[in-house]
Amino acid sequence: MQFQLNFKSGKPVYLQLVDQVKSAAASGAVLPGEPLPSIRPLAELLRVNRNTVAKAYGELESQRVIETVAGKGCFIRETSSPFKKDARIKLLTEEVDQAVVQAHHLQVSKDDFLKLAADRFDAFAHKRTRAENS
Amino acid sequence: MMAMPPDVPVIDIQQLVRRYGRTDAVNGLTLRVPAGRCYGFFGRNGAGKTTTIKCLLNLLRPTSGTARLFGLDPGRDEVAVKSRLTYVPDQVAFYPWMTVRETLDYFASFRARWNADTERALLDQFRLETRQKTSHLSKGQRTQLALITAICPEPELLVLDEPTSGLDPIVRREFIQTVIGAYQDGDPGRRTVFVSTHLISEFEGLIDEFTIIEEGREVLTLAADAARERYQKIYARFASEPTELDLAGVQVLHRAGRELELVANGNSGAVLDRLKARSPEALTSESLTLEEIFVTTLQAGGATA
């Protein structure tokens, strides 16, 4: 998978890595069982501190997006959240709130917003299906 | 080897003063670097960076204040300190009559540890010919050789003083990748980097904490992520020129007619809210890079002084 770091985004670099892996997993760009690059070559390639990559992988592991196999590296897991459904929805609420606030300032209506959300769901599902069938 | 308790900072500088005649090159500097960090030491030419590093390496005695490495005094425990660190200066010099091979053997002879696998891998990577005389090496090749001599002993602390200035972009890139790969990979908790540079953008991804110094004094110390979150460049454009805009607590970079560009320092949320209340046509914000933070900090300091 490809990573794109942006030091101007204001988001900590390790979180950018976390979000990109999660996004790639959601879109099927990486599939369950597929490996992530090892820490050292990825740090060298992106020219970021080794600790930054290690921190990102640690975070992905604690969120159960990836698993570490001793001596083999890190692999994408089957989607499984340790939280109950209401806890998971609560986790998402904050992020949806941010998008809703942003929509308000950009004068995007509720209908357009909901349509956009539905479209994005379909887009990710479509990419995932294509990735799984290829 | 003596194990160091994890809470002892690798570098601990307290109220360091170093005077040359009547000039204070370093004037009350305090900073500490915990183990495992990659610490940036930023300042303009003449800000006191190299003098500070020379005090750490016992090449200069402090006029007053203390510099401690691994909890030890580099003046009193010079061998104990120097056996645990290596140093790449900005001007690299080797004995000109020695070959690359002889130079490496010479450096290795002073060291308790020398990783021959790393040496071989780096010689290959840099395509250095071991039978070449060091006097025939280019500036880039001399820096690469210095980096090999600094990494093979697997020191707990790697001190870099303007290591990439005057090098071409490819050599610079390889240099930084080598610090990340060959050096940091060994035992991350015991691999500390202290790098003085003004080519800050090159080291952006590597630095996790930094100190900016000016006139021998600390001006700003922050974690890199926190710094990028705190300093935001905000651009706003309005339908017509805004009047009575409250710009308290921001640094205005540019204001012309309907357009406004400013830097918020830790108050970007409040500043953005104030601007949003004026219904701008466009409003964007992005983090400053470490290099931009460096420039902003020194310019702001100059303006208030």
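What counts and how
- Residues numbered from 1 in each chain as written.
- Chains lettered and ligands numbered in written order.
- Predicted model: local features only at pLDDT ≥ 70, side-chain atom pairs only at ≥ 80, totals over all residues.
- Helix = DSSP H or I, 4+ residues; strand = E, 2+ residues; numbered from the N terminus.
- Buried ≥ 20, exposed ≤ 12 C-beta atoms within 10 Å, placed from the backbone.
- pLDDT = per-residue confidence, 0-100.
- Contact = placed C-beta atoms within 7 Å.
- Nonpolar A, V, L, I, M, F, W, Y, C, P; charged D, E, K, R; others polar.
- Pairing = 2+ DSSP bridges.

Caption draft 1: Broad picture of the overall build of chain A. Summing up its helical and strand segments, chain A has five helices and two strands in all. Starting at the N terminus, the α and β elements of chain A follow one another as α-α-α-β-β-α-α. With the principal axes as the frame, chain A shows a C-alpha extent of 50 × 35 × 30 Å. Per-residue burial for chain A yields a buried fraction of 20% across its 134 residues.

Caption draft 2: Region of the structure containing the confidence of the model for chain A. Per-residue confidence for chain A gives a mean pLDDT of 88, with 97% of residues at or over 70. Between the elements of chain A, mean pLDDT differs from a low of 84, seen in helix H4 (residues 85-105) of chain A, to a high of 94, seen in helix H3 (residues 50-62) of chain A.

Caption draft 3: The interface of chain B and chain A, seen in detail. Each partner contributes residues to the interface: chain B has 21 residues there, and chain A has 18 residues. Examining the composition of the side of chain B that touches chain A, we find that four residues originate from one element, helix H6 (residues 169-183) of chain B, more than from any other. Looking at side-chain class alone, the side of chain B that touches chain A contains five nonpolar, eight polar and eight charged residues.

Caption draft 4: Just unusual backbone geometry, in detail. Even without being a glycine, A:Gln107 presents a positive backbone phi close to 55°. In this fold, A:Gln107 is placed in the loop between H4 and helix H5 (110-133). With phi around 60°, B:Asn58 is a residue other than glycine that occupies positive phi space. Here B:Asn58 shows up in the loop between helix H1 (49-56) and strand E4 (64-69).

Caption draft 5: Structural detail: the pairing of strand E11 (residues 250-256) of chain B. All names here are of chain B. In terms of strand pairing, E11 meets strand E12 (residues 259-265) through six bridges, oriented antiparallel. By the bridge assignment, Val250 is partnered in E12 with Ala264. Linkage of E11 to E12, two consecutive antiparallel strands, is achieved through a turn of two residues, within which Gly257 is found at a positive phi near 60°.

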